[in-house]
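# Examining the three-dimensional arrangement
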Amino acid sequence: MITRTKFDPKEIESKWQTKWEADHIYHASDDSAKPDFYHLVMFPYPSGDLHMGHWYNYSPFDAYGRFKRMQGYNVMQPIGFDAFGLPAENAAIKRGIQARTWTLANIENMRKQLRAMGAQWDWQREVITCLPDYYKWTQWLFLQFYNKGLAYRTKAPANWCPGCNTTLANEQVLADGTCERCGSVVERREIDQWLLKISSYAERLLDFSEVIDWPEKTITMQRNWIGRSEGAEIRFTANIGDKQEEIPVFTTRPDTIYGVTFFVLAPEHPWVDKITTPEQRAEVTAYVDQARRMTEIERMSSDKDKSGVFTGAYVTNPVSGEKIPVWIADYVLMSYGSGAIMGVPAHDQRDFEFARKFGIPIREVICAEEDEASDTATWSEAKEALGRMVNSGPFDGTPGDESKARVIQFIKEKGIGQSTINYRLRDWLISRQRYWGCPIPIVYCADHGTVPVPEDQLPVRLPENVQFKATGESPLRYEPEFLNTTCPICGGPATREADTMDTFIDSSWYYLRYADPHNSEEAWSQEKMQKWLPVDQYVGGVEHAILHLLYSRFFVKALHDMGHLNFDEPFQRLFHQGMVLGSDGQKMSKSRGNVEAPDRYVDKYGADTVRCYMMFIGPFEAGGLFRADNLEGIWRFLNRVWSLIGDTWTNKPDTAETAESKAIERLRHKTIKRVTEDLNHFRFNTALAALMEFNNALIKQQRDNVAHSSAYRAALETLLQLLAPFAPHLTEELWHQTGHTKSIHTSEWPVHIEELTRDEAFTLVVQINGKVRERIEVSADISEEEVRTLALNNERVQSFIGQASIQKFIYIPGRLINIVVR
């Protein structure tokens, strides 16, 4: 027996957290002979406090990492902070302090909370993106992209958030046209900005053959965002001044070329000024100004009433030779294709609605194979399906499965177009007109123009004490010591780029830095990169499917092409956790008043109870309700484990093997199998349920002749080991109190014997015509013939069969038989 007081989480948790850190038990060695396993969770933003969402995400994640460590892997499970960004800057402005001061204070507080969680964080690998030893290498990466032509500066329309006073990438604008951060309506402005050529990797980003296990939903979301379309580029022509110019149009339906009855330019298209006639100029100018005040989301809405203005000009259809009127309309975007479309109202619903509103002819050129052409005046909607070509000159009668290819072949031969592929994905706008971000390492010289900062002059340091303007403008524009510099080429006066980088740049490569976080000479060494990367298991929210995850894939593919990496995908396996909800079933938020702070429950019940509860409330991928009262159930379970070990542990098993001890041994192997399989598939709630059943069974067998057996002692040790990933503090304490000298978290994960997971006997259910009539205990290895004999010789079964004739004898091994009689 073990003499002890009651279970006291505060005492044992602080004790073991201190020892684990002092012993560096969770530091992943770069020299280990064990197989490496890079286990990563999306790093937190230092908002000031961990919330229940962090606990819901990190607790199961940590349990899986501990499980892999006990299976014999050299697990690297690092943590850090995504520390640049608008929230810190806005908080600093509001409180009249510096963003760095605010951020680092929050990090210090969150470190304490993360340590109190009892997770196996490798603190020796911590990265903080707002510190110079990290953002030096963010700047270095920017220069690699710049040198390869993948980073460029241009004046172009940008999403502008008036609330945040900065530009946004398309991915940061919500479906309703508002800013994802502050909710302001996003505007369109033309400004100088830096972009990364992610569009040049569109085709590569559609290929997921190098990942091992990603959610299909996430793959689909990325593919839809990239938006690959196969079609043709057809070059229309127009007379501008005294010369003829071409304008290309992308279409996925070249087979409808004879149905073009109007031509539409995006309001921002450079041709608008060239071709608009004097009579139409005032109306066109007013329309262009109106469109520029709208977001792309608003312009593309299917519910929006179609609007447009005739320019007074015409283009020539290069296939039919027909003169086509040119309009401008806000449903056409410069960011898709060439910013121009051919209007085919009979076979495109948007074009159909536009043509009906403005009285433009609608010409049917595609017809169902078995139908004849009809009067379009009777149509209520466009006919968008493929079909036989009609009213199409030399192509009349071409069937739908040949039509696109024939038209493309024709335009190729005539030199007026070609087959092509278009993508919805646009280049990534990374300029931010804010202070708290990584400075872009570029200077501007009157003589040499845009000049990259030499690598040996990195980092370009962010000034720490700045004065914010009431307008919210970046203070970097008004910091002469930062702004004014010298040209790296000629030494003459120059100015620095005052924009900072989108913080998604920082998180697009942080997982690479964890492999070599203290390297002052390189972003990472080739040796450590090859040892640790790519990430074996990544855990994080599905809300990052298009932003962080897509950007990270682009970074890795580009760096691979540059020769910096030897792999093509950053994350081999990906798992998305669900969301923990308030007790009202709604997402936790201050406005709803349903936010629960985890610290109060950790103080009351201990970290192990909160960890286990967060894993027990539902499937990890589905989320669940947080109900504070239900913590009591987990608390009682852990106390029962504590009491069981204290009451029954003996270092000298002294009883012979019995039927009861054999049953305990079989249950032990069954539980090992269940928990192992559940952990392998991230089923933490059912794994805990199995451990609760195991614990209850051991409590029921606390009789001396069982509890003093070697099988029972092995069962107790196995219970602690299987529970260790879930409740690391309690199990470590009990492991040492039972005489073990090394950490339970470095012990070997139990392995089941398959033969011992099968029952020696089972209850055979006997049905007659589908109704249960008898239950018989039989041996697990009984044959079908023996089952038949046993059942038919059973007196109760015989009484139900009587004089009836047996028609069928159905046997389901290990479960039941059904005797069909008539």
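Calculation rules
Numbering of residues starts from 1 in every chain and runs along the sequence as written. Totals for whole chains, interfaces and linings use every residue, but because this is a predicted model, local features are given only for residues with pLDDT of at least 70 and side-chain atom pairs only at 80 or more, for both listing and counting. The side-chain values count all of the structure's non-hydrogen atoms but skip hydrogen atoms and water molecules. UniProt positions are given in the numbering used here, feature names are shortened, and annotations may be inferred rather than shown by experiment. Note on pairing: two strands pair once DSSP finds at least 2 bridges between them. Only DSSP runs of H or I reaching four residues or more are called helices, and only runs of E reaching two or more are called strands; each is numbered from the N terminus. Only the stretch in contact is used when fitting a helix axis, every axis being a line fitted to C-alpha atoms; angles between N-to-C directions are given from 0 to 180 degrees. Contacts between residues were defined by any pair of non-hydrogen atoms, one from each residue, lying within 4.5 Å. One speaks of a salt bridge when a side-chain nitrogen belonging to Lys or Arg is within 4 Å of a carboxyl oxygen belonging to Asp or Glu. Relative accessibility thresholds used throughout: buried, under 20% of the residue-type maximum; exposed, over 50%; partly exposed, between the two (1.4 Å probe, protein chains only). The nonpolar core is taken to be a set of buried Ala, Val, Leu, Ile, Met, Phe, Trp, Tyr and Cys residues, with the residues joined through side-chain atoms within 4.5 Å. The term polar contact refers here to a pair of N or O atoms within 3.5 Å; inside protein, the definition further demands a hydrogen-donor-capable atom paired with an acceptor-capable atom, and it admits residues adjacent in sequence only when both atoms are side-chain atoms. Domain start and stop points were drawn from an automatic or database domain assignment.

Going by the annotation in an unreviewed UniProt entry, the name recorded for the protein chain is Leucine--tRNA ligase, with Dictyobacter alpinus given as the source organism. If you open the UniProt record of the protein chain and go to Subcellular location (unreviewed entry), you find "Cytoplasm". In its Catalytic activity (unreviewed entry) section, the UniProt record describing the protein chain reads: "tRNA(Leu) + L-leucine + ATP = L-leucyl-tRNA(Leu) + AMP + diphosphate".

## Some thoughts on the sheet that holds strand β23 (residues 571-575)
If you walk across this open sheet you meet the 4 strands as β2-β1-β22-β23, and the pairing is parallel. The open sheet has two free edges, formed respectively by β2 (74-76) and β23, since each of these has just one partner strand. Each strand axis lies, on average, 25° off the axis of its neighbour in the sheet, ignoring direction. Here strand β1 (residues 36-41) pairs with β2 via 3 bridges, running parallel. Across the sheet, the residue bridging to tyrosine 38 is methionine 76, located in β2. Lying on the sheet, helix α2 (residues 52-70) is in contact with β1, β2 and β22 (535-539); it crosses β1 at an angle near 175°. Strands in contact with helix α17 (residues 548-561) are β22 and β23; relative to β23, the strand with the most contacts, it is inclined by about 175°.

## Notes on unusual backbone geometry
Cis rather than trans, the peptide bond between leucine 458 and proline 459 has omega equal to 5°. You can see proline 459 is positioned in the loop between β18 (449-452) and α13 (480-483). The linkage connecting leucine 533 with the following residue, proline 534, adopts the cis geometry, with an omega of 5°. Inspection of the secondary structure puts proline 534 in the loop between α16 (526-532) and β22. Even without being a glycine, histidine 24 presents a positive backbone phi close to 50°. Examined against the element boundaries, histidine 24 turns out to sit in the loop between α1 (9-23) and β1.

## Brief notes about the pattern of salt bridges
Across all of its chains, the model carries 38 salt bridges by this definition. Arginine 281 serves as the salt-bridge partner of aspartate 273, at 3.8 Å between the closest nitrogen and oxygen. Residue class for aspartate 273 comes out exposed when judged on its relative accessible area of 59%. Across the pair lysine 528 and aspartate 516 runs a salt bridge whose closest N-O atoms are separated by 3.4 Å. In this pair, lysine 528 is assigned in helix α16 and aspartate 516 in the loop between α15 (510-513) and α16, connecting sequence segments 12 residues apart. Three or more residues are tied together by salt bridges with common partners; here these are Arg204, Arg553, Lys557, Asp561, Asp568 and Glu569.

## Structural notes on the nonpolar core
In terms of nonpolar packing, the biggest core is built from 175 residues, with Tyr511 and Phe555 touching the most fellow members. If sequence neighbours within four positions are ignored, tyrosine 511 has contacts with Tyr38, Leu40, Leu533, Val535, Ser552, Phe555, Val556, Pro570 and Phe571.

## Some points on the side chain of threonine 256
Relative to the elements of secondary structure, threonine 256 occurs in the loop between β7 (243-251) and β8 (262-265). What makes threonine 256 buried here is its relative accessible area of 3%. In terms of polar contacts, threonine 256 uses its side chain to reach the backbone carbonyl oxygen of arginine 253, at 2.8 Å. Those residues in contact with threonine 256 that lie beyond four places of it in its chain are Met342, Val344, His347, Val365 and Ile366.

## Focus on the domain arrangement of the protein chain
The assigned domain composition of the protein chain is domain 1 (9-122 + 504-592), domain 2 (142-213 + 427-502), domain 3 (228-423), domain 4 (628-756) and domain 5 (759-821). Taking only C-alpha atoms into account, the centre of domain 2 sits 76 Å from that of domain 5.

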